Amino acid sequence: MAIFSTSTYFKILLFLILYFKALSAAPNSSFNFKNFGKNSKFESKLALYGNAKVINGSSSVQVTGSSIFSAGRVMYKKPIKFLETNPRNIMSFSTHFSFSLSHENGDGLAFVMVPIEYPLNDFDDGASFGLFGWRKFKVLGVEFDTFMDDKDGDVNSNHVGIDISSPVSVKVSNVSSVKMVLNSGEKMQAWIDYEPGFLRLEVRLGQLGEMRPVNPLLSYRIDLSRMWKDKELFVGLSSSSRNSLQKCKVYSWSMKLTRVPHWMHSQPLDPKAFSGPVKIKDPVDNKRDCLPRILAALILGIGCGGFGAFIVLFVWTIFDKRQPVVPEECAVKPVEFEYKKFKVVVDKSAEDGNK
Ligand SMILES: *[C@@H]1O[C@H](CO)[C@@H](O)[C@H](O)[C@H]1NC(C)=O
């Protein structure tokens, strides 16, 4: 009886945990292409633009490098949204791709987000990553840049940056200082994650075959659900070679998008992200706001704790009725686990009858 109730208790607990987890985060859409060979059927989800093409006899996409001033992009066909109103959800995402850049100083590669009205077939040869209208379209980019462009304030020709509505990065990391070279021609990999609970966009970089680094190369606080609201966006990888023959190749790309209930969202941190007149609260106001919030959190905490304790006690009483809570002779009993085989008897005649 004791063994039975313990395992049942864990099963019920596991079920409850999984149930609440499923409720709180329902995957929206995902893809995972380990290569771009014929069997990958990547064209069902991804579209190629400009000079981007699958190289014959290979399973990678060459985005640029067929000629000077070549430009191309690989885009996820399904639009995404950072804010959904009914039910009120926000989006978190995690993406990972592997790529290589040859020695020349082209633009490198950028992970981009553009609104769906962006003209994906148009390229601006001289512009960073073939992208134009940064401000007009509110383009977001994570650049792996191998061209030192003075007008974009680039620090060197080997950097990673986060670009918001402008090719001038809001945050940059010198890749030389972490002893990597973007245009070494070797395969590299990048991880980009957005965690709306912490309002954090994180970028990690490594050589292919290395583990995902614990510490991000770049971390930037931004509320994408405020920047984009419920606008539909396309995500992709974009590149231009400028006046060079830099070959930019992409070998794999995966992305996981998850909906998170809006109540798990932090308060906006960036007042500039508001559209319309901005009212900055004075600190006294904030303090006044704080107390009810702490009280509410406390009450919620006590409520949840009480509910959890109730479930545990409820399950305990159902399955452990006849057992004293602490047996008198021995307070700690070794728990034995038993595995039992069950014979499943299939009713042949019933099965046959169904056919
Ligand atoms: C980038 O890092 C390298 C290596 O540490 C250093 O020599 C170089 O000056 C740095 N560049 C900038 C712009 O900080």
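Residues numbered from 1 in each chain as written. Predicted model: local features only at pLDDT ≥ 70, side-chain atom pairs only at ≥ 80, totals over all residues. Heavy atoms only, no water.

K.L.:
Go over the overall build of the protein, please, and point to the residues and values.
P.N.:
Secondary structure summary: the protein contains 5 helices and 16 strands in total. Taken across its 355 residues, the protein has 40% of its residues classed as buried. Total accessible area computed for the protein in this model is approximately 21,100 Å², and 60% of it derives from carbon and sulfur atoms. (Helix = DSSP H or I, 4+ residues; strand = E, 2+ residues; numbered from the N terminus. Buried < 20%, exposed > 50% of the residue type's maximum accessible area, 1.4 Å probe, protein only. Areas by Shrake-Rupley, 256 points an atom, 1.4 Å probe, with all protein chains shown as cover.)

K.L.:
Quick rundown of the packing of aromatic side chains? Include the residues and the values.
P.N.:
If you walk through the whole model with that rule in mind, you get 13 aromatic pairs. Linked through ring pairs, Phe31, Phe33, Tyr76 and Trp253 together constitute an aromatic cluster. We note Lys187 situated over the ring of Tyr251; from NZ or CZ to the ring centre the distance is 4.4 Å. (Phe/Tyr/Trp six-rings, centres within 6.5 Å; stacked < 30°, edge-to-face > 60°. Lys NZ or Arg CZ within 6 Å of the ring centre and 35° of its normal.)

K.L.:
Just give me the short version of the pattern of salt bridges, but keep the residues and values in it.
P.N.:
All told, the structure shown has 9 salt bridges when counted by the stated rule. The residue Asp149 makes a salt bridge to Lys151 at a minimum N-O spacing of 3.1 Å. (Salt bridge = Lys/Arg side-chain N within 4 Å of Asp/Glu carboxyl O.)

K.L.:
Tell me about the pairing of strand E9 (residues 140-145), residues and numbers included.
P.N.:
A large share of E9 lies buried, amounting to 6 of its 6 residues. Both faces of E9 are covered, namely the face carrying Leu140, Val142 and Phe144 and the face carrying Gly141, Glu143 and Asp145. Relative to E9, strand E8 (residues 109-115) runs antiparallel, the two being bridged by 5 bridges. Residue Met113 lies in a different strand from E9, and its bridge partner there is Leu140. Bridge analysis of E9 against strand E10 (residues 159-164) gives 6 bridges, and the strand direction is antiparallel. Directly across from Glu143, in E10, lies its bridge partner Gly161. (Pairing = 2+ DSSP bridges.)

K.L.:
Could you give me a rundown of the sheet that holds strand E11 (residues 171-174), with the residues and numbers involved?
P.N.:
What the 7 strands build is an open sheet, ordered E2-E5-E15-E8-E9-E10-E11; its pairing is antiparallel. Each edge of the sheet is formed by a strand with only one pairing partner; in this case those strands are strand E2 (46-50) and E11. The average angle at which neighbouring strand axes cross in this sheet is 20°, direction not considered. (Axes fitted to C-alpha atoms, helices over the stretch in contact; angles between N-to-C directions.)

K.L.:
Can you tell me about the confidence of the model for the protein, naming the residues and giving the values?
P.N.:
Interpretation of the predicted coordinates at a detailed level should be avoided for regions scoring low in pLDDT. Scored by pLDDT, the protein has a mean of 81; 70% of the residues are at 70 or more. Across residues 269-290, where pLDDT falls below 50, the model places 10 contacts with residues more than four positions away in sequence or in other chains. Considering only residues more than four positions removed or in separate chains, one finds that residues 323-334, a stretch of pLDDT under 50, has 4 contacts. (pLDDT = per-residue confidence, 0-100. Contact = heavy atoms within 4.5 Å.)

K.L.:
Mind laying out the site of the ligand, listing which residues take part and the relevant values?
P.N.:
Taken together, Val155, Asn174, Ser176 and Ser177 make up the full set of residues adjacent to the ligand. Here an oxygen atom of the ligand sits 2.3 Å away from a polar atom, N or O, in the side chain of Asn174. If the ligand stood free it would expose 360 Å²; the protein chains cover 37% of that surface. Of the residues in the shell around the ligand, the class split is 1 nonpolar, 3 polar and no charged. (Near = heavy atom within 4 Å. Polar contact = N/O pair within 3.5 Å; in protein donor to acceptor, adjacent residues only side chain to side chain. Nonpolar A, V, L, I, M, F, W, Y, C, P; charged D, E, K, R; others polar.)

K.L.:
Any details on the side chain of Asn183? Residues and values, ideally.
P.N.:
Take Asn183: it is sitting in the loop between E11 and strand E12 (188-195). Setting aside its immediate chain neighbours within four residues, Asn183 contacts Leu101, Ser102, His103, Glu104, Asn105, Thr146 and Gln246.

K.L.:
Go over unusual backbone geometry with me, naming the residues and quoting the values.
P.N.:
With an omega of -5°, the peptide bond running from Asn86 to Pro87 counts as cis. Tracing the backbone through its elements, the reader meets Pro87 in the loop between strand E6 (83-84) and strand E7 (89-101). The phi torsion at Phe69 lies on the positive side, around 55°, for a residue other than glycine. Here Phe69 is to be found in the loop between strand E4 (61-64) and strand E5 (71-76). One non-glycine residue, Arg242, lies in the positive phi region at around 50°. Positionally, Arg242 belongs in the loop between strand E15 (233-240) and strand E16 (248-261).

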